[in-house]
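Fold and geometry: a report
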Amino acid sequence: MTTSWALVTGASAGLGKQFALQLAAKGQAVLLVARREAQLKELQSHIKAAHQVECEYLALDLSEPDANQTLFDHSQQNNWQIDTLINNAGYGVPGDFDAVDWQTHQDMLQVMLTSVIELCHLYYPLMKQRQQGQIINVSSLAGLTPATAGHTLYGAVKAFLVKFSQSLHLEASDHGVHVTALCPGFTYTEFHDVNGTRKMVSTMSKKLWMSAEDVVSQGLQAVNDNQAVYINGWRNRLIARLCKLLPESLVRYLMKGSIAKFRKR
Ligand SMILES: NC(=O)c1ccc[n+]([C@@H]2O[C@H](COP(=O)([O-])OP(=O)(O)OC[C@H]3O[C@@H](n4cnc5c(N)ncnc54)[C@H](OP(=O)(O)O)[C@@H]3O)[C@@H](O)[C@H]2O)c1
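Residues numbered from 1 in each chain as written. Predicted model: local features only at pLDDT ≥ 70, side-chain atom pairs only at ≥ 80, totals over all residues. Heavy atoms only, no water.

1. A closer look at the site of the ligand
- Lining the immediate environment of the ligand, one finds 32 residues, of which S12, R35, R36, Y154 and T189 sit closest.
- One nitrogen or oxygen atom from the side chain of S12 is found 2.8 Å from an oxygen atom belonging to the ligand.
- Within the side chain of R35, an N or O atom sits 2.7 Å from an oxygen atom of the ligand.
- Coverage of the ligand by the protein amounts to 96% of the 880 Å² it exposes when considered alone.
- The set of elements that each furnish at least two residues to the shell around the ligand consists of α1 (14-25), α5 (152-173) and α6 (191-194).
- When residues of the shell around the ligand are assigned to their parent elements, the largest contribution, 3 residues, is made by α6.
- Broken down by class, the residue content of the shell around the ligand amounts to 15 nonpolar, 12 polar and 5 charged. (Near = heavy atom within 4 Å. Polar contact = N/O pair within 3.5 Å; in protein donor to acceptor, adjacent residues only side chain to side chain. Areas by Shrake-Rupley, 256 points an atom, 1.4 Å probe, with all protein chains shown as cover. Helix = DSSP H or I, 4+ residues; strand = E, 2+ residues; numbered from the N terminus. Nonpolar A, V, L, I, M, F, W, Y, C, P; charged D, E, K, R; others polar.)

Listed below in structure tokens is the structure:
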């Protein structure tokens, strides 16, 4: 019998690590991808011991344009049948648009946008052929709310992932493949340490924060249920809903005042 594999990008920390753990706990073999090999190796050992499933890793920098093809070729050569694709790797780039050098913008677009689409383009046709598969593109509540000053491309990239996932969801549903854009709000991971905003965001109400465990278990349920877009937590769903219902100028005014405290410029 062919083993069913899940490929998780950004598996060395935060949501990606949690996806790997929860998928392994469900008996799925997991392929872990991120840059930090030590963290991937440690997670691999843990998963193998705790869940008795196959687990492999590939230390890759997804900002390298050929990384996606390398990853695909590697999984194909090993006959790892990727039935679940979790496009999760990501980070925030603080600063105003012109204060950030082009290479940094380009790397971010490669990791969080091009890589996501290319991995779907590589693995989706195989899922479609087999008439089974699940894809989660990790977007954000930021993709559903008005844009902010600072971290300029983040909201735009996440909005793109929502639209892209909605389209692919419609195309894939006829072929037994589920596609979900997962939109978490503030979640406890390394994300805000990496982008240097931990101190700023720690002033925010605890009620707005969710655990990586909850975000991931809800995300896995959402893709099982074939939901095109899933927003984690009722508070985040309310925020997204209000952004649609209230006049746009009012929402932008409110966002400008409230979220500015949490964006590094
Ligand atoms: N935490 C939140 O509040 C929040 C809210 C909404 C959406 N999200 C989204 O959730 C996703 C996961 O973020 P997280 O919160 O779990 O953050 P995290 O704890 O910082 O994890 C980010 C992961 O992405 C990987 N990564 C970063 N750059 C990479 C690259 N160039 N190549 C390969 N892997 C790379 C990191 O691994 P290495 O450093 O080892 O490469 C790490 O495993 C992101 O897409 C983020 O935008 C997070």
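2. Things to note about the side chain of T187
- Here T187 shows up in strand β7 (residues 187-188).
- There is a polar contact of 2.8 Å between the side chain of T187 and the backbone oxygen of G185.
- In contact with T187, other than residues within four places in its own chain, are L15, H192, W209, M210, S211, A212 and V215. (Contact = heavy atoms within 4.5 Å.)

3. Examining the sheet that holds strand β2 (residues 29-34)
- A sheet is described by the order of its strands in space; here 7 strands give the open sequence β3-β2-β1-β4-β5-β6-β9, paired in parallel fashion. Two strands lie at the open edges of the sheet, namely β3 (55-59) and β9 (229-231), each paired on one side alone. Averaged over neighbouring strand pairs, the angle between their axes works out to 20 degrees when direction is ignored.
- Summarising the sheet, β2 and β3 pair through 5 bridges and their orientation is parallel. Residue pairing in the sheet places L31 in a bridge with E56 of β3.
- Relative to β3, helix α2 (residues 37-51) is tilted by about 175 degrees, and along the sheet it contacts β2 and β3. (Pairing = 2+ DSSP bridges. Axes fitted to C-alpha atoms, helices over the stretch in contact; angles between N-to-C directions.)

4. Thoughts on the pattern of salt bridges
- Enumeration according to the criterion identifies 4 salt bridges in this entry.
- With a shortest N-O distance of 3.3 Å, E190 and R36 are connected by a salt bridge. Here E190 is found in the loop between β7 and α6, whereas its partner R36 is found in the loop between β2 and α2, with 154 residues between them in sequence.
- Among the residues examined, E190 registers a relative accessible area of 33% and is labelled partly exposed. (Salt bridge = Lys/Arg side-chain N within 4 Å of Asp/Glu carboxyl O. Buried < 20%, exposed > 50% of the residue type's maximum accessible area, 1.4 Å probe, protein only.)

5. Quick look at helix α8 (residues 212-224)
- With 13 residues, α8 should reach 18 Å at 1.5 Å per residue; the first-to-last C-alpha distance of 18 Å fits that figure.
- Contacts from the buried residues of α8 go to α1, β5 (133-138), β6 (177-183), β7, β8 (210-211) and β9. (Expected span 1.5 Å × (residues − 1).)

6. Quick notes on the packing of aromatic side chains
- Using the criterion set out here, one finds 5 aromatic pairs in the structure.
- Seen in terms of ring centroids, F72 and Y123 are 5.1 Å apart; in terms of plane orientation they differ by 65 degrees. Their pairing is edge-to-face. Here F72, found in helix α3 (residues 67-77), pairs with Y123, found in helix α4 (residues 102-130); they are 51 residues apart in sequence, far enough to count as distant. The burial state of F72 is the same as that of Y123; both residues are buried.
- Connected via pairs of aromatic rings, a cluster forms that spans F186, Y188 and W209. (Phe/Tyr/Trp six-rings, centres within 6.5 Å; stacked < 30°, edge-to-face > 60°.)

7. A closer look at the UniProt feature "domain: Ketoreductase" (unreviewed entry) in the protein
- The UniProt entry lists residues 4-185 under the feature "domain: Ketoreductase" (unreviewed entry), expressed in the numbering used here.
- Helix makes up 49% of residues 4-185 and strand 20%, whereas the separation of the span's terminal C-alpha atoms amounts to 30 Å. (UniProt positions renumbered as here; feature names shortened; annotations may be inferred.)

8. Side note on the nonpolar core
- Core analysis: the largest hydrophobic core is formed by 37 residues, its most contacted members being L7, L71, L85, Y123 and I135.
- Those elements that place two or more of their residues in this core are β1 (4-9), β2, α3, β4 (81-87), α4, α5 and β6.
- Here this core takes 10 residues from α4, the largest share from any one element.
- Aside from chain neighbours lying at most four places away, what touches I135 is L85, C120, Y124, M127, L168, H178, V179, T180 and V223. (Core = buried A, V, L, I, M, F, W, Y, C linked by side-chain atoms within 4.5 Å.)

9. Considerations on the layout of surface pockets
- Its volume calculated, the second largest pocket comes out at about 370 Å³.
- If you go around the second largest pocket, you meet 13 residues; those closest to its centre are L144, V162, Q166, V229 and K244.
- Secondary-structure elements contributing two or more residues to the lining of the second largest pocket are α5, β9 and α9 (234-245).
- Class assignment of the residues belonging to the lining of the second largest pocket gives a composition of 7 nonpolar, 2 polar and 4 charged. (1 Å grid on protein atoms, 1.4 Å probe; cavity = no way out; pocket = protein on both sides within 12 Å on 5 of 7 lines; lining within 4 Å. Points joined across faces, edges and corners; volume = space filled by probe spheres on them.)

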